[in-house]
Amino acid sequence: MKVIVIGAGIMGVTLATLAKELAPELDITILERLDGPGAGNSWVFNNAGTGHEANCELNYTPVDGEVISVEKALKIHAQFNVAKQFWAYLVEKGAIKDPTTFINQTKHCTLVSESFIEELALRHKEMSGHHFFEDMRYSDDFDEIKSWIPYTMEGRPRHEKMAATVIETGTDVNFGSLTEQMAEYAARDLGVAIEYGVHVKRAHRSPAGSWLLETERNGTATQYKADVLFVGAGGGAFQLLKRSHLPFARRFAGFPVGGRFLQAPVTPEQADQYRAKTYGRAEVGAPPMSVPHLDLRVANGQHYLLFGPFASFKPVLEKGRGFIDYLRSMRLHDIPGLLSVAIENFPLVKYLVSETFKGEQSMLDSLEKFAPGLGDKFNWQAVEAGQRVQIIKDGDLQMGTEIIVSSDKTYGTLLGASPGASVSPEVMLRALEQLMPARLNTEKARSKLKAIFPEDNLEILANDAERYREIRDGVNQSLGIV
Ligand SMILES: Cc1cc2nc3c(=O)[nH]c(=O)nc-3n(C[C@H](O)[C@H](O)[C@H](O)COP(=O)(O)OP(=O)(O)OC[C@H]3O[C@@H](n4cnc5c(N)ncnc54)[C@H](O)[C@@H]3O)c2cc1C
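A brief structural summary. Owing to the predicted nature of the structure, the values given are computational and were not obtained by experimental measurement. (Residues numbered from 1 in each chain as written. Predicted model: local features only at pLDDT ≥ 70, side-chain atom pairs only at ≥ 80, totals over all residues. Heavy atoms only, no water.)

This brings us to the overall build of the protein. When its secondary structure is counted, the protein shows 18 helices and 23 strands. Against the 2.2 N^0.38 benchmark of 23 Å for 482 residues, the protein shows a C-alpha radius of gyration of 22 Å, consistent with a compact globule. Overall size of the protein, expressed as C-alpha extent along the three principal axes, is 75 × 50 × 45 Å. Out of the 482 residues belonging to the protein, those deemed buried represent 58%. Partitioning the intrachain contacts of the protein with sequence separation of at least 6 by distance along the chain shows that 74% fall at a separation of at least 24. (Helix = DSSP H or I, 4+ residues; strand = E, 2+ residues; numbered from the N terminus. Rg over C-alpha atoms; globule rule 2.2 N^0.38 Å. Buried < 20%, exposed > 50% of the residue type's maximum accessible area, 1.4 Å probe, protein only. Contact = heavy atoms within 4.5 Å.)

Another aspect to go through is the packing of helix H2 (residues 71–92) against helix H14 (residues 424–435). Packing of H2 against H14 brings their axes to within 6 Å, and their N-to-C directions diverge by 90°. With respect to each other, H2 and H14 are oriented roughly perpendicular. Note on element contacts: H14 touches H2 through Ser 424, Pro 425, Glu 426 and Val 427, opposite Gln 79, Val 82, Ala 83, Phe 86 and Trp 87. Per-class residue counts for the contact of H2 with H14 are six nonpolar, two polar and one charged. (Axes fitted to C-alpha atoms, helices over the stretch in contact; angles between N-to-C directions. Parallel < 35°, antiparallel > 145°, perpendicular 65-115°, else oblique. Nonpolar A, V, L, I, M, F, W, Y, C, P; charged D, E, K, R; others polar.)

Reading across from one edge, S10-S2-S1-S14-S23-S22 is the order of the six strands in this open sheet, with mixed pairing throughout. Across the chains shown, the open sheet's two edge strands, defined by having one partner strand only, are strand S10 (193–196) and strand S22 (401–405). The mean angle between the axes of side-by-side strands here comes to 15°, regardless of whether they run parallel or antiparallel. Pairing of S22 with strand S23 (residues 411–416) involves five bridges; the strand directions are antiparallel. Bridging from a neighbouring strand, Thr 401 pairs with Gly 416 of S23. (Pairing = 2+ DSSP bridges.)

Within the structure shown, the criterion is met by 14 aromatic pairs. When the centroid spacing of 6.2 Å and the interplanar angle of 85° are considered together, the rings of Trp 87 and Phe 102 count as edge-to-face. In this pair, Trp 87 sits in helix H2 while Phe 102 sits in the loop between H2 and strand S5 (103–105), placing the two residues 15 residues apart along the sequence. You'll find Trp 87 and Phe 102 in the same group, each marked buried. Here the aromatic rings of Phe 307 and Phe 310 are separated by 5.9 Å at their centres, their planes lie at 70°, and the arrangement is edge-to-face. Comparing Phe 307 with Phe 310 shows no difference in burial state: the two are buried. (Phe/Tyr/Trp six-rings, centres within 6.5 Å; stacked < 30°, edge-to-face > 60°.)

Now for the side chain of Ser 210. Mapped onto the elements, Ser 210 comes out in the loop between strand S11 (199–205) and strand S12 (211–217). Overall, the relative accessible area of 10% leaves Ser 210 in the buried class. With residues near it in sequence (within four places) discarded, Ser 210 still touches His 204, Arg 205, Lys 225, Ala 226 and Asp 227.

On to the sheet that holds S11, then. Paired through their backbone hydrogen bonds, the strands of a sheet run either parallel or antiparallel. In space, the three strands of this open sheet follow the order S11-S12-S13, with antiparallel pairing throughout. Unpaired on one side and paired on the other, S11 and strand S13 (220–226) mark the two borders of the sheet. Here the average twist between neighbouring strands, direction ignored, is 25°.

So, on to a nonpolar patch on the surface. A surface patch of nonpolar side chains, amounting to about 460 Å² of accessible area, comprises Leu 332, Ile 335, Leu 339 and Ile 343. Looking at the element boundaries, Ile 335 is found in helix H10 (residues 334–344). (Patch = residues over 30% accessible without salt bridge, like charges linked within 9 Å, V, L, I, M, F, W, Y side chains within 5 Å. Areas by Shrake-Rupley, 256 points an atom, 1.4 Å probe, with all protein chains shown as cover. Salt bridge = Lys/Arg side-chain N within 4 Å of Asp/Glu carboxyl O.)

What follows deals with the environment of Tyr 274. When you line up the elements, Tyr 274 lands in the loop between helix H8 (268–272) and strand S16 (276–279). In this structure the C-alpha to C-alpha distance between Tyr 274 and Thr 61, which are 213 residues apart in sequence, comes to 25 Å. Those residues within four positions of Tyr 274 in sequence are excluded, and the remaining contacts are Ile 149, Pro 150, Tyr 151, Thr 152, Leu 294, Asp 295, Leu 296 and Leu 305.

With that out of the way, let us pick up helix H12 (residues 360–370). Buried residues of H12: Met 363, Ser 366, Leu 367 and Phe 370, and no others. Mapping the buried residues of H12 onto a view down its axis gives an arc of 100°, with all of them on the same face. Those residues of H12 that are exposed and angled more than 90 degrees off the buried face are Gln 361 and Lys 369. (Arc of directions from axis to C-beta.)

What follows deals with the site of the ligand. Near the ligand there are 38 residues, and of these Glu 32, Asn 41, Ser 42, Thr 50 and Ser 422 occur at the shortest range. In this structure, His 199 approaches the ligand through a side-chain N or O atom, which is 3.5 Å from a nitrogen atom. Its free accessible area being 1000 Å², the ligand has 96% of it covered by the protein chains. At the level of secondary structure, the elements contributing two or more residues to the shell around the ligand comprise helix H1 (10–22), strand S2 (27–32), S11 and helix H7 (236–242). Residue composition of the shell around the ligand, grouped by class: 15 nonpolar, 18 polar and five charged. (Near = heavy atom within 4 Å. Polar contact = N/O pair within 3.5 Å; in protein donor to acceptor, adjacent residues only side chain to side chain.)

In terms of nonpolar packing, the biggest core is built from 75 residues, with Trp 87 and Phe 102 touching the most fellow members. Looking at which element gives the most residues to this core, the answer is H2, with 12 residues. Ignoring anything within four residues of it in the chain, the contact list for Trp 87 reads Phe 80, Phe 102, Ile 103, Phe 175, Leu 178, Ala 421, Ser 422, Ser 424, Pro 425 and Leu 479. Listed in part, the 29 residues of the second largest apolar core include Met 162, Ala 271, Phe 307 and Met 363. (Core = buried A, V, L, I, M, F, W, Y, C linked by side-chain atoms within 4.5 Å.)

With that out of the way, let us pick up empty space enclosed by the protein. One water molecule sets the probe size; rolling that probe over the atoms shows where empty space is left. Across all of its chains, the model carries one cavity of 30 Å³ or more by this definition. Within this model, the largest cavity holds a volume of roughly 50 Å³. Along its surface, the largest cavity is lined by Phe 238, Lys 242, Ala 253, Gly 254, Tyr 326, Ser 329, Met 330 and Asp 334. Grouping the constituent residues of the lining of the largest cavity by class yields four nonpolar, two polar and two charged. (1 Å grid on protein atoms, 1.4 Å probe; cavity = no way out; pocket = protein on both sides within 12 Å on 5 of 7 lines; lining within 4 Å. Points joined across faces, edges and corners; volume = space filled by probe spheres on them.)

Set out below in structure tokens:
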């Protein structure tokens, strides 16, 4: 069976690697328009590199009055555990030699000011009662918080009331490096073919039922043929879906949101003083993807602080592509849906437009509020982040991701942007289960699945504390998380 994957980002490369591990007989080719793997949104500074497991992100635990909902947090935590199982497998079998090249232990903290202290205390009470978050600690003691996350507290007056939670075993993940190393392994040891510089322009069915891909490489048109197609093209997936003549394509459109960060290089000694990612609260009316956070990042052994993201209105499908590509990805029937989303979400649109015109000084002012005095301590620069394309489905704006598989199981795609790369192995496993159930149901595939994922059942991880702890401790050890 010939499988073509479009896009060598973390999603496409994970799907291809996992598929070849489980069903080595598959003939898989990845087509990527850029010159290498992991260079789109998965690249280290196009995203914030948080290993999202709901340790610190307030938007995963919405509060209504005195009731806090933790369902989303539990699901994301379990999905991240499944992701770590896959990455630990790659490290244990030597596919990736050194885990610190892509994953580094980093405290995950939440920091709030006086008016949200009660809410954070409630969050801590609810969450620390569950085995996923049993090691979460809470404090409203100035000095204790300062000992956890000095850079956010050093410049604050002592009378300012703050509260924070911490989990010591959070992570910073360089998804770009992970994708590169996984792509190298998939090509070298598993026989996945990867072709770079190939831009897929459209996909359509041949009369015989296979997928025909029209592509362009260095200005030359070429065709590829596939029995099964998986589009893991990030924001580019919307354009391809629109050009695939699938009936459900009409139901989807893309809502693009750009982003920027402030970035500063720091010395290893300065990094040692702040091994953390600290998440605050999003401003009223701001979308969840603009929750401010101050992160220690590691890239190629060098340390950086990153603050942001600052969301913006940027109508492009992917960073580096033009407005025309976005316009071309739209169909006339998408326009009423887009307009109604813009009207229904007017505060969001207004917020994004106003953020677009924020200069570097105003970004530094936001940093000053979050971590007083830090703006002057380091040499900050505004850098452009990756581009998110949120899903508009049946006229409704959605913030999550969705796997879509055609009824004949020959076309699959991933749309949307969050929680994204952190949960990629779990999401790609589900995509494969939907796309090729028979291939995954053989004796061999089932036993390989168990070798890769000792426990991929999210319900069991959430309900069986002993099983979860046994798996967590095993994978953490392989990944250098103590
Ligand atoms: C500002 C920001 C912050 C983020 N922070 C985090 C975070 O902290 N933690 C986290 O887990 N996630 C985060 N994310 C999300 C994360 O970056 C994405 O979920 C992830 O990178 C998506 O991977 P992907 O493979 O789908 O897309 P990409 O990495 O963008 O890969 C898609 C690939 O497809 C290729 N492609 C596109 N169209 C075509 C075509 N027509 N033909 C051939 N190739 C094509 C592209 O060149 C690209 O290489 C963040 C995203 C943004 C924008």
